[in-house]
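# A structural walkthrough
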Amino acid sequence: MKPEFILAHEWIGLEVEVVESPNPSEVGIKGIVVDETLNTFKIKTEKGLKIVAKRGRIFRVKFAGKVLRVKGDLVAFRPEERIKKGILMLKRAKGVRIW
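Bear in mind that the values here come from a model prediction, so they are computed numbers and not experimental data.

### Some remarks on the packing of aromatic side chains
Enumeration according to the criterion identifies three aromatic pairs in this entry. Where tryptophan 11 meets phenylalanine 41, the ring centres are 4.8 Å apart and the plane angle is 15°; that geometry is what we call stacked. Of this pair, tryptophan 11 sits in the segment before β1 (15–20) while phenylalanine 41 sits in strand β3 (residues 40–45), placing them 30 residues apart in sequence. Summarising the aromatic geometry, the rings of tryptophan 11 and phenylalanine 59 are spaced 6.5 Å apart at their centres and angled 80° between planes, so their arrangement reads as edge-to-face. Here the residue tryptophan 11 occupies a position in the segment before β1, and phenylalanine 59 occupies one in strand β5 (residues 58–63), the gap between them amounting to 48 residues. In terms of burial, tryptophan 11 and phenylalanine 59 fall into one category: buried. Within the aromatic cluster, the residues linked to one another by ring pairs are Trp11, Phe41 and Phe59. For the cation-ring pair, lysine 54 lies above phenylalanine 41, with the distance from its terminal atom to the ring centre recorded as 5.0 Å.

### Observations concerning the pairing of strand β6 (residues 66–71)
Sheet analysis places β5 next to β6, joined by six bridges and oriented antiparallel. Looking across to β6, one finds that lysine 62 is bridged to valine 67. Hairpin connection from β5 to β6: two residues lie between these consecutive antiparallel strands, with alanine 64 at a positive phi of about 55°.

### Brief notes about the pattern of salt bridges
For the structure on display, the rule yields six salt bridges. Put simply, glutamate 20 and arginine 69 hold a salt bridge, and the shortest N to O gap is 2.7 Å. Taken together, the residues span a long stretch of sequence, with glutamate 20 in strand β1 and arginine 69 in strand β6 at a distance of 49 residues. Classification of arginine 69 as buried rests on a relative accessible area of 14%. Between arginine 57 and glutamate 26 there is a salt bridge whose closest N-O contact spans 2.8 Å. Here glutamate 26 lies in the loop between β1 and β2 (30–36) and arginine 57 lies in the loop between β4 (48–53) and β5, a separation of 31 residues in the sequence. For glutamate 26, a relative accessible area of 9% translates into the label buried.

Procedures and definitions
Residues numbered from 1 in each chain as written. Predicted model: local features only at pLDDT ≥ 70, side-chain atom pairs only at ≥ 80, totals over all residues. Heavy atoms only, no water. Phe/Tyr/Trp six-rings, centres within 6.5 Å; stacked < 30°, edge-to-face > 60°. Helix = DSSP H or I, 4+ residues; strand = E, 2+ residues; numbered from the N terminus. Buried < 20%, exposed > 50% of the residue type's maximum accessible area, 1.4 Å probe, protein only. Lys NZ or Arg CZ within 6 Å of the ring centre and 35° of its normal. Pairing = 2+ DSSP bridges. Salt bridge = Lys/Arg side-chain N within 4 Å of Asp/Glu carboxyl O.

Set out below in structure tokens:
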């Protein structure tokens, strides 16, 4: 699977880490996405559940055997809308970079 497909893929169950955020206390939050809304990810961490906004953040995501950096702004849609708009999102995939 191509890394760009992360934009149209289900994020629940993926391992993520916040690597950049306007809120310094969010940087380093990592765990498994257990829920997602239009604006947030709910991440299960070793210390409990954390809710992190998507916009303005950059996430490190393990996907298809690779580690990616994804701009939260590119996935700031309701999950069902993002998946439906997957083809259009792939055209904007400039925010995805393989590490």
